[in-house]
Number of protein chains: 2
Amino acid sequence: MVSTTPAYRITDLFAERAKNLAPPTYGTELSKIVTVSFAYGLADPILFPHTDLAAASAVVLAEEAPIALNYGPPSAQLYEQIILRLQAKGIAADRDRLIIGYGSGQILGLLPDVFVEPGDVVIVEGPTFLGVVTRFVHAGARIITIPVDELGMDVDALEVTLNDLKKQGIRPRFIYTIPTFHNPTGATMPLFRRQKLVALAAEYGVLIVEDDAYSDLRFRGETMPSLATLDQEGWVLYVSTFSKIIAPGIRLGWACGDATIIERLAMFKSEGTVGPFVSHVVARYCATGKLDNHIQELIACYKHKCNLLLEAIAQEFPSDVVALRPDGGFFVWCKLPPDISAKALLMAASEHGISFLPGTRCYANGQGDDAIRLAFSFQPTQKIVEGIATLGSVLRGLR
Amino acid sequence: MVSTTPAYRITDLFAERAKNLAPPTYGTELSKIVTVSFAYGLADPILFPHTDLAAASAVVLAEEAPIALNYGPPSAQLYEQIILRLQAKGIAADRDRLIIGYGSGQILGLLPDVFVEPGDVVIVEGPTFLGVVTRFVHAGARIITIPVDELGMDVDALEVTLNDLKKQGIRPRFIYTIPTFHNPTGATMPLFRRQKLVALAAEYGVLIVEDDAYSDLRFRGETMPSLATLDQEGWVLYVSTFSKIIAPGIRLGWACGDATIIERLAMFKSEGTVGPFVSHVVARYCATGKLDNHIQELIACYKHKCNLLLEAIAQEFPSDVVALRPDGGFFVWCKLPPDISAKALLMAASEHGISFLPGTRCYANGQGDDAIRLAFSFQPTQKIVEGIATLGSVLRGLR
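Residues numbered from 1 in each chain as written. Chains lettered and ligands numbered in written order. Predicted model: local features only at pLDDT ≥ 70, side-chain atom pairs only at ≥ 80, totals over all residues. Heavy atoms only, no water.

Going by an unreviewed UniProt entry, chain A carries the name Putative transcriptional regulator, GntR family and comes from Nostoc punctiforme. For chain A, the Sequence similarities (unreviewed entry) comment in UniProt is given as "Belongs to the class-I pyridoxal-phosphate-dependent aminotransferase family." One UniProt comment on chain A, placed under Cofactor (unreviewed entry), says "pyridoxal 5'-phosphate". (UniProt positions renumbered as here; feature names shortened; annotations may be inferred.)

Right, here's the structure in full:
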């Protein structure tokens, strides 16, 4: 062996895709001390069914440890429980059409592996849940943004875009949409738009990825059929999660759709199926039948918080800030008047310990400085009232 | 909208990499009724610390539910516990050099994302743990196999290969090795080979991926320093897991090494960090200080089972079947005489309800029909004795 080592560096060993990656920037709070954060869609910790989950854990560890703690697939009962919930929504679900992942985010993050070559077109909403869309961007997708209004995605604009792309010989890979209690706008797509969206997917041969994290949390209005329910031809991949109705910290989400897609998602999920232990615990909890009652409690709580937030906004914000009233979910979207920038507002608000998500963090195309997203899910009621009062005075101070 | 839909197919939307994937073939047991399976390295379910995990779960859900059940990073205490364990082995560990994943398999599966472009050389052992190596193959790596003998990887053969490759201008991305209680041979690399391996990595500028799932389970002989302990220049990525010392079903493994590698592994772990709930439970369990005692119990049990297996082999197998005696771990590797094929043996054994891993399932280069791997970890002692007696008579019957 030679005694002098050439100046080898580990970084030279990296694949091209790993060389110039920047670590993801999570919502770095501008202020060191955030008193009231409306920034994140965190669940209200008061509502976690921790006693029932503790009971389920105890039973699993006492009775099912040999299976729940060894190598193996997730609990068969968990698949059954999720299939039952999907079928209750009118979604064609069975074992071959279902994959369970570590949160819906994991499954959404696997979509580029299955569908995206660099340069392929992926259609998203603007605004949208950028945490997921960033994954598509990193995979080299060419992102096209379709505007969202108070009725969700503008499907007429989508039709024009699909038609334009078709003329150029381009077939988009998929359309990523959050049709119910949209993140960040809270908007819910009415039936006529849903029907047209599903018809467009079939007409242009484009997959719809329906992200449905919030639909169980409806405060008002009538239940809308999911896109997956309306779809007769298999063009919808339905994605959902236990994060908002049980707890995010258990990390369990799923996708339901065409079996060939599910099979491929499973192949790119390199660590295999989700952990036996946590899947058995959650299956046990679901099997108690308590989840539907629990969801009713969540609805009552989030409805109350949403109303409180909207009332506080009506009282405290300048009248030319327009808040969209959601029918469910975690978020209120506020359109700012032309003279106020979301980024400037965040900067000023952070001086007073208030945080929120500026609209710029919700668009893949750089828009969004004219709006902000307020999450009412996490903060206790008292803080919501205080926080909005402070934010109102910051808003007025900017004038 | 036109009334006729062109014959679009979902499969047309797949990226090239997803088009012709075959689902992984797990160890399909040949016989419908397997009475005794020596095939898999499953943990012994009798030894799961289920009572202590239940206590930890109860405490977490009673005291830490707001954090353990919400979005967020894994338990900080879990990082600390793992760092302490690594430091006790003489491995330079800190928060920036550590990533926790859903089993070590997940982290090993992410290596190609960071290191492998199609055609890049990856060096593996023959035999090896093919479950991981298959991931490298799927990523398009050019696999080069270095032989393993009863002292682990033949590092002289490795040196020749590295030198040959260097002359061709080829710098391998990494060397995947299991130096302690090797899977499948059970072999443990002695110090002089370890030192040479680490020196070669530095000399040729090649990363070593040290898979160390079993080293805590030593029955006899003195503790060997890990490659990571010997490495002074950062060329070792050390990978380990709680699967063999707590339970596989909790799905927690980790990698420790150069911070730039850890950072990139984290970026390609698309679902983010591991779940808060399970990480808090395991951290609580570790914090009780019971894990080291538990490991002593595991060692006593697996030592007993290993001895039982070896004694049964000595009694029941033809004398020209050579069993390697491991100093720890889960496996005994048996070299078959030239007239007996592992595949033929498996076929015949399965007729009698016996299963094991044929050596062909342990090589990336098609070798291995001259050996079998017997896992003694999972079966109860009675079954081990019965199973080997049956396998012995099958072996004799093939003559």
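On we go.
**A few points about the relation of the copies chain B and chain A**
Under the fitted operation, chain B is carried onto chain A by 0.0 Å of movement along the axis and a turn of 180 degrees, and the coordinates agree to an RMSD of 0.0 Å. Taken together, the turn and the small shift mark the pair as related by a two-fold rotation axis. When the interface residues of chain B are mapped onto chain A, 100% of them again fall at the interface, so both copies present the same face. (Least-squares fit on C-alpha atoms with pLDDT ≥ 70 in both. Contact = heavy atoms within 4.5 Å.)

**With respect to the sheet that holds strand β14 (residues 371-375) of chain A**
Residues and elements named next belong to chain A. If you trace the four strands from one edge of the open sheet to the other, you get β10-β11-β14-β13, paired in antiparallel fashion. On the outer flanks of this sheet lie β10 (322-323) and β13 (357-358), each paired with one strand and no other. Sheet analysis places β13 next to β14, joined by two bridges and oriented antiparallel. Each residue of the ladder has a partner; that of Leu 357, found in β14, is Arg 373. (Pairing = 2+ DSSP bridges. Helix = DSSP H or I, 4+ residues; strand = E, 2+ residues; numbered from the N terminus.)

**Some thoughts on the domain arrangement of chain A**
All names here are of chain A. One can read the domain layout of chain A as domain 1 (29-49 + 293-397) and domain 2 (50-287). Using only C-alpha atoms to locate each centre, domain 1 and domain 2 end up separated by 25 Å. Summed over both sides, the interface of domain 1 with domain 2 buries roughly 2,700 Å², with 64% coming from carbon and sulfur. The interface formed by domain 1 and domain 2 includes one salt bridge. Ionic pairing is found between Arg 218 and Asp 327, a salt bridge with its closest N-O pair at 3.9 Å. Between domain 1 and domain 2 we count 11 residue pairs in polar contact (both at pLDDT 80 or more) in total. Only α12 (291-316) and β11 (331-335) provide two or more residues apiece to the side of domain 1 that touches domain 2. The element best represented in the side of domain 1 that touches domain 2 is α12, accounting for eight residues. (Domains from an automatic or database assignment. Buried area = accessible area lost by both parts, 1.4 Å probe. Salt bridge = Lys/Arg side-chain N within 4 Å of Asp/Glu carboxyl O. Polar contact = N/O pair within 3.5 Å; in protein donor to acceptor, adjacent residues only side chain to side chain.)

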